[in-house]
Amino acid sequence: MADRYLSFAGTAPGRFLTRRLGLPRPAPLRRWSPERPGLDGGLLHLTAGPSAPDLAPVLARTGLDPDDTTGRPAAVVLDARGVRDVEGLAGVHAALHPVVRSVATSGRIVVLGAPLDAGDHHQAAAQQALEGFTRSLGKEVGRGITVNLVRLTGAPAAESTLRFLLSPKSAYVSGQVIEVGTHEPAVPDDGDRPLAGRTALVTGAARGIGEAVAETLARDGARVVVLDVPQAEQDARRVAERLGGTALPLDITAADAGARIADALPDGIDVLVHNAGITRDRRLVNMPAERWTPVLEVNLASVLRTTDALLAAGTLKRGGRIVATASIAGIAGNAGQTNYGASKAGVTGLVRSLAPRALAEHGVTVNAVAPGFIETRMTAAVPLFIREAGRRMNSLAQGGLPADVAETTAWLAHPASTAVNGQVVRVCGQSLLGA
Ligand code: NAD
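Residues numbered from 1 in each chain as written. Predicted model: local features only at pLDDT ≥ 70, side-chain atom pairs only at ≥ 80, totals over all residues. Heavy atoms only, no water.

*Asks:* Let's hear about the packing of aromatic side chains: which residues, and what values?
*Replies:* Throughout the structure, instances matching the rule amount to one aromatic pair. Summarising the aromatic geometry, the rings of Phe164 and Trp411 are spaced 4.8 Å apart at their centres and angled 5° between planes, so their arrangement reads as stacked. One end of the pair, Phe164, is in helix H6 (residues 159-165); the other, Trp411, is in helix H15 (residues 402-413), and 247 residues separate them in sequence. For Trp411, a relative accessible area of 4% puts it in the buried group. Between Arg219 and the ring centre of Trp32, over which it is positioned, the NZ or CZ distance is 4.3 Å. (Phe/Tyr/Trp six-rings, centres within 6.5 Å; stacked < 30°, edge-to-face > 60°. Helix = DSSP H or I, 4+ residues; strand = E, 2+ residues; numbered from the N terminus. Buried < 20%, exposed > 50% of the residue type's maximum accessible area, 1.4 Å probe, protein only. Lys NZ or Arg CZ within 6 Å of the ring centre and 35° of its normal.)

Spelled out as structure tokens, the structure:
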């Protein structure tokens, strides 16, 4: 479903009217394409508090030029890890206040913070302050610019995260706080095809977001397995053929789904993307168990069951990745979606609890993407007024595309993202819901 308002707002009369009437003014977002894989412009590296020498070499590998001061910066990175008290926060203001206006359209602002120090409440206050600061700046900056906070200890472990956030691949990720641990990243052999030699299984990949995820992981070199219900077998085969992968017709709610996946893929898998999902909306007072149960079964119970089975069988190999699909409905709640909201919040709980154990015991990371309003068949079926509200109620004032969720999944699936574990990353343009 085309977003006509977005196109109109970009015309001269559209610009005039939206400004005069105080209407949302979405900017067309710069997304990744093979022809234009990077942001256009330089990188401004700023520091608040004592500077750390580990960041500059990492930023130098993002493809953005820190010495390019010719035009508007495409990205600003503020290293605020050294801020330990309220006085230090003045340095955050002093660094960004003069440059925010000059950031290029569809540019990036990334603030780097430190983990909160449980033994120093002044440091914790100052570092937590960065969260409110970042989220507020994201809501006011406009022009398709994203603002995110990354909490990290050492910059090398955060390289894949910084590369993602400082690229057009993260166009619809804003207002997020991402925590990066200390694991040393495995550097992929082939920078352009980081998943070469790896197998990725994507559930619900015959169409929509799942199809885009399969396509993006295949672009990154993975051999993809397109799993979907037997009724969607033709579509799944078409997608698999186009991507040089294989189709696996299977209802993921089958009690033995995990065993059947393990049988079908005796060489194991490296990436497991739990994307299959359904809605059966009704207010709770009108919701019979027949509408409750299938949503909990597809969106949550089958995710738990197959995860357990594939980890126990060793089908998911060491160095592997699990990316589950949550939703902002599971964070903010949504009228008519008690079943769906419960199932998606359950996914978040699964991720947070399993992540440390899965990494320690199996060498596998577990993260979730939480899409906001994404332009798919699912959202095209939403009544017009609610659809328009869903599209505009975020800092970027537009819906996301399946590719936005796919790129976020690809970053989490990247072999160098081992230090990103237990995260729930919203792909929602900084939705005002549940923010
Ligand atoms: P979609 O309906 O277009 O695609 C879902 C796919 O999952 C379909 O191909 C379907 O056949 C498959 N599927 C359903 N039940 C299955 C089962 N039992 N076994 C195997 N496959 C099954 O949906 P979408 O919009 O692409 O959404 C993908 C995921 O993203 C879902 O988990 C959804 O809840 C989540 N999500 C979507 C949005 C959005 O705005 N579209 C927002 C938040 C979260």
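*Asks:* Talk me through the sheet that holds strand E2 (residues 75-79); I want residue IDs and the actual numbers.
*Replies:* With parallel pairing, the five strands of this open sheet are ordered in space as E1-E2-E3-E4-E5. Single-partner strands in this sheet number two, and they are strand E1 (43-47) and strand E5 (177-179). In this sheet, neighbouring strand axes are inclined to one another by 20° on average, regardless of whether the strands run parallel or antiparallel. Alignment of strand E3 (residues 108-113) against strand E4 (residues 146-151), held across six bridges, turns out to be parallel. Residue pairing across strands places Gly113 opposite Arg151, the latter belonging to E4. Those strands touched by helix H5 (residues 121-140) are E3, E4 and E5, and its axis lies near 165° from that of E4. (Pairing = 2+ DSSP bridges. Axes fitted to C-alpha atoms, helices over the stretch in contact; angles between N-to-C directions. Contact = heavy atoms within 4.5 Å.)

*Asks:* Report on the site of the ligand, specifying residues and quantitative values.
*Replies:* Arg207, Ile209, Asp228, Asn275 and Tyr340 are the nearest of the 27 residues found near the ligand. Between the ligand and Lys344, the relevant distance is 2.9 Å, taken from an oxygen atom to a side-chain nitrogen or oxygen of the residue. Residue Ile374 places a main-chain N or O atom 3.0 Å away from an oxygen atom belonging to the ligand. When the ligand sits alone it has 840 Å² of accessible area, and the protein chains cover 93% of it. (Near = heavy atom within 4 Å. Polar contact = N/O pair within 3.5 Å; in protein donor to acceptor, adjacent residues only side chain to side chain. Areas by Shrake-Rupley, 256 points an atom, 1.4 Å probe, with all protein chains shown as cover.)

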